[in-house]
Amino acid sequence: MKQNPSGRSISVIPKAFTPVYEEQKWYALKTKPRAEKKLNERLLEANIETYLPITKVWKQWSDRRKQVEEPLFKGYIFVKIKPSNFISALQQDGAVHFVKFGGNAASLDDEQVELIRKIVTNQMRFEVTDLKLEPGDKVEIIDGPLKGYKGEMLRDKSKNTIIIHIVQLERTLSVDVPKAYLKRLEE
C-alpha cells in the first residue's frame, strides 16, 4: 500500500497485471521448406486466422507437364494474430519464426494483405522478385480491381508495371496494369 499526498492509503496494481489492449494484426510467419499448406491447415485448426496466397504454375517433368498450385511467397504464410498468441502459432509443426524488423515481429497493414488478395483473386499477371527498387514515378491505380492502391511505376518494354514493395518480406510484387488505369501522383 502507498499513500497519496492527502495521506490516504491507495492500492498499486503492478504493471504486469495492468490489462493491455492487444489488436490483431497481420504478421508473416516463416515456415519450414514446403510446409506452407500443412501449416495453414494446422493454424486454422488452432483457430488462428491465416492467409496463404496460392498461384497456379506450370511444372515440367521429364514425362509430362502439369499445372500445380504453389504458395505465392514460398516459405511464408500470413497470420492475423495478437502478439500474446505468438506462442500458439509457433508451436505448430512447420512454423519457424515470425519475420522481424528491428528485433520485433513486423506487422503488415491490412491494406497490403488485401492488395495481395485482390491480385491473386483477380488472376492478374504478376511476378514476385527480390528486386530492390530504384526511385521512379509514384502512381495511383484509378480504375479496375486495384483502384485506389498506390505504387511505383516501372517501364518494362511496352508493359506498364506497378511495383508494390512488401518491406517485411523483402519482396516486391510486380503487376501489369493498363496505362489508362494509372494516374501520376504529384510529389
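Residues numbered from 1 in each chain as written. Predicted model: local features only at pLDDT ≥ 70, side-chain atom pairs only at ≥ 80, totals over all residues. Heavy atoms only, no water.

### Focus: the packing of aromatic side chains
Rules: For Phe, Tyr and Trp, where Trp contributes only its six-membered ring, two rings pair if their centres lie within 6.5 Å, and the inter-plane angle classes them as stacked under 30 degrees, edge-to-face over 60, or tilted in between. Helix numbering and strand numbering both begin at the N terminus, where a helix is a DSSP run of H or I of at least 4 residues and a strand a DSSP run of E of at least 2. Burial classes: relative accessible area under 20% of the type maximum marks a residue as buried, over 50% as exposed, and values in between as partly exposed (1.4 Å probe, protein chains only). Charge-over-ring contacts are defined here by two conditions on Lys NZ or Arg CZ: a distance within 6 Å of the ring centre and an angle within 35 degrees of the ring normal.
Counting across every chain of the model gives five aromatic pairs. Between Tyr-51 and Phe-78, the ring centres sit 6.3 Å apart and the planes meet at 15°, which makes this aromatic pair stacked. Placement of the pair is Tyr-51 in strand 4 (residues 49-51) and Phe-78 in strand 7 (residues 76-81), with a sequence separation of 27 residues. A residue is classified by how much of its surface remains accessible, and Tyr-51, at 10% relative accessible area, is buried. When its relative accessible area of 1% is taken as the criterion, Phe-78 is described as buried. Within the aromatic cluster, the residues linked to one another by ring pairs are Tyr-27, Phe-86 and Phe-98. In this arrangement the basic side chain of Arg-64 is found over the ring face of Trp-61, its NZ or CZ atom lying 4.8 Å from the centre.

### A short note on helix 3 (residues 110-121)
For clarity, the threshold we go by: Each helix should span, by expectation, one fewer than its residue count multiplied by 1.5 Å. Directions are taken from the helix axis to each C-beta atom, and the arc is the one they span.
Relative to the 16 Å expected for 12 residues at 1.5 Å per residue, helix 3 spans 16 Å between its end C-alpha atoms, a close match to the ideal helical length. Residues Gln-112, Val-113, Leu-115, Ile-116, Ile-119 and Val-120 constitute the buried set of helix 3. Within helix 3, the buried residues cover an arc of 155° as seen down the axis, which keeps them to one side. Away from its buried face, by an angle of more than 90 degrees, helix 3 presents the exposed residues Glu-111 and Thr-121.

### Thoughts on unusual backbone geometry
Notably, Arg-34 is not glycine yet its phi reads approximately 60°, a positive angle. Examined against the element boundaries, Arg-34 turns out to sit in the loop between strand 3 (25-31) and helix 1 (36-45).

### Some details on the pattern of salt bridges
What counts, and what does not: By definition, a salt bridge exists where a carboxyl oxygen of Asp or Glu is found within 4 Å of a side-chain nitrogen of Lys or Arg.
Evaluated as defined, the whole model comprises seven salt bridges. For the salt bridge of Lys-80 with Asp-110, the shortest nitrogen-to-oxygen distance reads 3.8 Å. Pair noted here: Lys-80 is in strand 7 and Asp-110 is in helix 3, with a separation of 30 residues, a long-range link. The shortest N-O distance in the salt bridge between Arg-117 and Glu-114 comes to 3.9 Å. With Arg-117 and Glu-114 both in helix 3, this residue pair falls three residues apart, about one helical turn. Glu-114 gets classed as partly exposed once you look at its relative accessible area, which sits at 34%.

### Re the nonpolar core
As a rule of thumb, soluble globular proteins bury nonpolar side chains together. As a reminder of what qualifies: Each nonpolar core is a collection of buried residues, namely Ala, Val, Leu, Ile, Met, Phe, Trp, Tyr and Cys, held together in the definition by side-chain atoms within 4.5 Å.
The biggest cluster of nonpolar side chains holds 25 residues, and the ones touching the most others in it are Phe-78, Ile-116 and Leu-146. Elements with a contribution of two residues or more to this core: strand 3, strand 7, helix 3, strand 13 (137-141) and strand 16 (171-176). In terms of residue count, the dominant contributor to this core is helix 3 (five residues). Counting 13 residues, the second largest nonpolar core, distinct from the first, contains Leu-43, Ile-48, Phe-86 and Phe-98.

### Things to note about helix 1
Going by this rule: It only takes one pair of heavy atoms within 4.5 Å for two residues to be counted as in contact.
Within helix 1, burial applies to Glu-36, Leu-39, Asn-40 and Leu-43. In an axial view of helix 1, the angular spread of the buried residues amounts to 105°, which keeps them on one side of the axis. Residues of helix 1 that are buried make contact with strand 3, strand 4, strand 6 (65-71), strand 7, helix 2 (86-90) and strand 8 (95-98). Just downstream of helix 1 lies Asn-47, where phi reads positive at about 60°.

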